[in-house]
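# Analysis of the macromolecular model
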Amino acid sequence: MAILAVTACAERPEGPSAVGTGAPVIVPGEPGAPARTATPGEHVGQADREPGAADVRFAEGMIPHHRQALEMTALVAERTGNATVRGFAAQIAAAQQPEISVMTGWLADLGRSVPAGHEHGPAGYGMASLEEMNALRAARAAAFDRLFLRLMIRHHEGALRMAREQLSAGRDVGMRRMARDVYAGQNVEIARMRRTLEALPGA
């Protein structure tokens, strides 16, 4: 019996666990694709793979993209008393600041410098232009709420595009996980912000 146990251990493959007996294992699909049930003997998950250009591009692009979102949310407290808008700002900041830290550390581990500023430019992935940011800084109350939501919805839509590109071409497990989190979380926030914008007077 002891020999059999040793043999079984020696033959067990390394890496993610194989699907065997017991409850079925659900493997999530990419955004827009259905989940599926893992097949018997399948190894669920991926071992770490060498980062590629798409992974680096995603992190280097998403960091300044997130930074602008944080710049926008920092304007909310002094410009509106709308509890829903203030809640969106708090939620966005709580999600995106830690993501910046993760991507910054990941780039540092690769020996790459972290991008400075908002390198995407006005037309890149929903980024707000300097003129739009100045208009947001000048707005107050309902006018601020409307502009903030319009800009942030567009900003989030740009992030979804970036996440889709990463999931299509990226191969680093951590960056793909980050892209899935961004895609799932910001999709939900877009839907909620659209409903709030539609309910605002003058929207």
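Before reading further, recall that the structure is shown in the block above.
Before going into details, it helps to say that this report is about the structure given with it. A quick note: this is a predicted structure, and the numbers were derived from the prediction, not measured. (Residues numbered from 1 in each chain as written. Predicted model: local features only at pLDDT ≥ 70, side-chain atom pairs only at ≥ 80, totals over all residues. Heavy atoms only, no water.)

The secondary structure content of the chain amounts to 6 helices and 2 strands. For the chain, the α and β elements follow one another from N to C terminus as α-β-β-α-α-α-α-α. The buried share of the chain, taken over its 203 residues, is 38%. Here the analysis covers contacts within the chain between residues at least 6 apart in sequence; of these, 75% occur between residues at least 24 apart. Accessible surface, the chain: about 11100 Å² in total, of which carbon and sulfur atoms supply 56%. (Helix = DSSP H or I, 4+ residues; strand = E, 2+ residues; numbered from the N terminus. Buried < 20%, exposed > 50% of the residue type's maximum accessible area, 1.4 Å probe, protein only. Contact = heavy atoms within 4.5 Å. Areas by Shrake-Rupley, 256 points an atom, 1.4 Å probe, with all protein chains shown as cover.)

Here we come to the packing of aromatic side chains. All told, the structure shown has 1 aromatic pair when counted by the stated rule. Directly above the ring of Tyr 125 sits Arg 161, whose terminal nitrogen or CZ lies 4.1 Å from the centroid. (Phe/Tyr/Trp six-rings, centres within 6.5 Å; stacked < 30°, edge-to-face > 60°. Lys NZ or Arg CZ within 6 Å of the ring centre and 35° of its normal.)

A few words now on the packing of helix H3 (residues 83–109) against helix H6 (residues 173–199). Taken N-terminus to C-terminus, the directions of H3 and H6 make an angle of 165°; their axes are 12 Å apart at the nearest point. Judged by the inter-axis angle, H3 sits roughly antiparallel to H6. Two packed elements cross with a definite hand, and for H3 against H6 that hand is left-handed. In this structure, H3 uses Thr 84, Phe 88, Gln 91, Ile 92, Gln 96, Glu 99, Val 102, Met 103 and Trp 106 to contact H6, whose residues at the interface are Met 175, Met 178, Asp 181, Val 182, Gln 186, Glu 189, Arg 192, Met 193 and Thr 196. Each residue belonging to the contact of H3 with H6 can be placed in one class, and the counts come to 9 nonpolar, 5 polar and 4 charged. (Axes fitted to C-alpha atoms, helices over the stretch in contact; angles between N-to-C directions. Parallel < 35°, antiparallel > 145°, perpendicular 65-115°, else oblique. Left-handed = near helix turned anticlockwise from the far one by under 90°. Nonpolar A, V, L, I, M, F, W, Y, C, P; charged D, E, K, R; others polar.)

A word on the environment of Met 72. Inspection of the secondary structure puts Met 72 in helix H2 (residues 53–73). Expressed as a C-alpha distance, the spacing of Met 72 and Ile 92, which sit 20 residues apart in the sequence, is 9.9 Å. Setting aside chain neighbours within four positions, we find Met 72 in contact with Met 133, Leu 136, Phe 148, Leu 151, Met 152 and His 155.

It is worth spelling out unusual backbone geometry at this point. Among all residues save glycine, negative phi is the norm, and among peptide bonds the norm is trans. Although it is not a glycine, Ala 141 adopts a positive phi angle of roughly 55°. Examined against the element boundaries, Ala 141 turns out to sit in helix H5 (residues 141–169).

So, on to the nonpolar core. Ranked by internal contacts, the top residues of the largest apolar core, which has 43 residues, are Met 103, Phe 148 and Leu 149. Elements with a contribution of two residues or more to this core: H2, H3, helix H4 (130–138), H5 and H6. No other element matches H5, which puts 11 residues into this core. Excluding residues within four positions of it along the chain, Met 103 makes contact with Phe 58, Ala 59, Met 62, Ile 63, His 66, Met 175 and Met 178. (Core = buried A, V, L, I, M, F, W, Y, C linked by side-chain atoms within 4.5 Å.)

Purely spatial values, then, with no claim about function.
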